[in-house]
Amino acid sequence: MSFNKMFTGIILVGALLIGCQQKEVTVETSTVPQFTKAVAVLHATEGNEVKGVVTFTKTAEGVKIVADVMGLTPGEHGFHIHEFGDCSSPDGKSAGGHFNPEGNPHAAPDAQTRHVGDLGNLTADENGNAHYERLDTHLSLNGPNSIIGRGVIIHAKADDLTSQPTGAAGARVACGVIGVAKAQ
Ligand code: CU
Ligand code: ZN
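These numbers come from a predicted model, not from an experiment. Going along each chain's sequence as written, the residues are numbered from 1 onward. By the order in which they are written, chains take letters starting at A while ligands take numbers starting at 1. In keeping with the model being predicted, local features are shown solely for residues with a pLDDT of at least 70 and side-chain atom pairs are shown and tallied solely at 80 or more, while totals for entire chains, interfaces and linings include all residues. To obtain the side-chain values, all non-hydrogen atoms of the structure were included, while hydrogens and water were left out.

Engineer: So what exactly am I meant to see when it comes to the overall build of the protein chain here?
Structural biologist: Each helix corresponds to a stretch of at least 4 residues labelled H or I by DSSP, and each strand to a stretch of at least 2 residues labelled E; elements are numbered beginning at the N terminus. Scanning the protein chain from terminus to terminus reveals 1 helix and 8 strands. Along the protein chain, helices (α) and strands (β) appear in the sequence α-β-β-β-β-β-β-β-β when read from the amino end. Buried positions account for 38% of the 184 residues belonging to the protein chain. Within the protein chain, contacts between residues at least 6 apart in sequence are counted, and of these 62% link residues at least 24 apart. In this description, accessible areas are obtained by the Shrake-Rupley approach with a 1.4 Å probe, and a residue is regarded as covered only by the protein chains that are shown. In the form shown here, the protein chain has an accessible surface area of approximately 10,400 Å², with 59% of it arising from carbon and sulfur atoms. Between buried and exposed lies partly exposed: a residue is buried under 20% and exposed over 50% of the maximum accessible area for its type, with that area taken using a 1.4 Å probe on protein chains only. Throughout, a contact is declared for two residues whenever any of their heavy atoms are within 4.5 Å.

Engineer: Can you walk me through the confidence of the model for the protein chain in this structure?
Structural biologist: It should be kept in mind that the predicted coordinates are not to be read in detail where pLDDT is low. For every residue, the predictor states its confidence as a pLDDT score lying anywhere from 0 to 100. Confidence along the protein chain averages 89 in pLDDT terms, with 83% of residues attaining 70 or more. Under a pLDDT of 50 for its full length, residues 13–18 has, in the predicted model, 0 contacts with residues more than four places off or in other chains.

Engineer: Explain the coordination of the zinc ion (ligand 2) here, please?
Structural biologist: Tetrahedral coordination by four donors puts the ideal angle at the metal at 109.5 degrees, and octahedral coordination by six puts it at 90 or 180 degrees. For Na, K and Ca the donor cut-off is 3.2 Å; for every other metal, N, O and S atoms count as donors within 2.8 Å. Water does not enter the count, which can leave sites looking incomplete. Within the protein, the atoms that donate to the zinc ion (ligand 2) are H98 (ND1), H106 (ND1), H115 (ND1) and D118 (OD), at distances of 1.9 to 2.1 Å. Angular criteria define each label, namely tetrahedral for four donors with all angles between 85 and 135 degrees, square planar for four and octahedral for six donors with opposite donors over 155 degrees apart and remaining angles between 65 and 115, and irregular for whatever fails these tests. Taken together, the 4 donor atoms coordinating the zinc ion (ligand 2) span angles of 95 to 121 degrees at the metal, a pattern that classifies the geometry as tetrahedral.

Engineer: What am I meant to see in the state of the cysteines here?
Structural biologist: Where two cysteines share a covalent bond between their sulfur atoms, that bond is called a disulfide. Cysteine sulfur atoms are paired as a disulfide whenever they fall within 2.5 Å. For the coordinates displayed, the defined rule picks out 1 disulfide. Across the disulfide, C87 is cross-linked to C175 (sulfur-sulfur distance 1.9 Å). Given an S-S torsion of about -80 degrees, the disulfide between C87 and C175 has left-handed geometry. Linking C87 in the loop between β4 (75–82) and β5 (118–124) with C175 in strand β8 (residues 172–180), this pair joins segments that are 88 residues apart in sequence. The class for C175 is buried, based on a relative accessible area of 4%.

Engineer: So what exactly am I meant to see when it comes to the nonpolar core here?
Structural biologist: Inside soluble globular proteins, nonpolar side chains tend to come together where they are buried. Here, nonpolar core means buried Ala, Val, Leu, Ile, Met, Phe, Trp, Tyr and Cys residues that are tied together by side-chain atoms lying within 4.5 Å of each other. Core analysis: the biggest nonpolar cluster contains 28 residues, and V54, F56, L72, F79, L122, I147 and I154 have the highest contact counts within it. Considering each element in turn, this core owes the most residues, 4 residues, to strand β3 (residues 62–70). Discounting residues that sit within four places of it in the chain, V54 has contacts with A38, V39, A40, L42, I65, V66, A67, F79 and V152.

Engineer: Is there a simple way to think about the pattern of salt bridges in this case?
Structural biologist: Charged atoms that come close allow side chains of opposite charge to pair. Salt bridge, as used here: a side-chain nitrogen of Lys or Arg that lies within 4 Å of a carboxyl oxygen of Asp or Glu. On inspection of all chains with the given rule, the structure shows 3 salt bridges. Here E133 ties to K64 by a salt bridge, and the two come within 3.5 Å at their closest N and O atoms. Of the two residues, E133 is situated in strand β6 (residues 130–136) and K64 in strand β3; the sequence distance between them amounts to 69 residues. Look at K64 and you get partly exposed, because its relative accessible area is 35%. Its salt-bridge partner being D136, residue R114 comes within 2.8 Å of it at the nearest N-O pair. You can see R114 sitting in the loop between β4 and β5 and its partner D136 sitting in strand β6, a full 22 residues away along the chain.

Here it is as structure tokens:
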């Protein structure tokens with residue numbers, strides 16, 4: 001074997017080793033912890049008495065959403081995830097519009113394309129209490145559709161599920177920020 005061939009061989013082996021090392025680095029960056037549970041505590045906006053808790057739990061079939069809210073007027077109330085986890089303004093408008101990373105029109109929660117934040121309506125009983133439970137396959141706790149750090153808004157009126165871009169659900173009566181919760 002000539003010196004040149006041996007030298008080329010050494011370079012090839014070296015390049016392979018460097019290639020393997022780079023591959024290992026890529027694997028390491030993809031082992032970022034995956035969130036499995038999130039929670040939003042809802043506080044009333046100015047002039048309202050609404051409060052509640054919403055949990056988001058990752059399951060094999062999607063994210064399970066459970067909301068318990070009190071202090072509502074009886075009937076339906078628009079229930080959405082909004083773009084910003086910012087409840088600092090007294091009217092809740094600091095939370096921005098519906099969370100819509102895919103650029104879709106507003107729609108019902110069971111629509112094939114919709115805002116990721118379109119969760120439909122809560123239905124309050126005659127005492128103003130609402131319980132909501134749904135499995136959702138649009139939103140996520142990880143990746144581009146992650147809702148961590150976004151806002152939850154409850155509205156004064158029903159979401160009609162068609163009016164653009166908000167479902168004509170009226171004023172914001174409660175606001176909460178979605179945070180990472182302890183996994184169970
Ligand atoms: Cu909303
Ligand atoms: Zn929407």
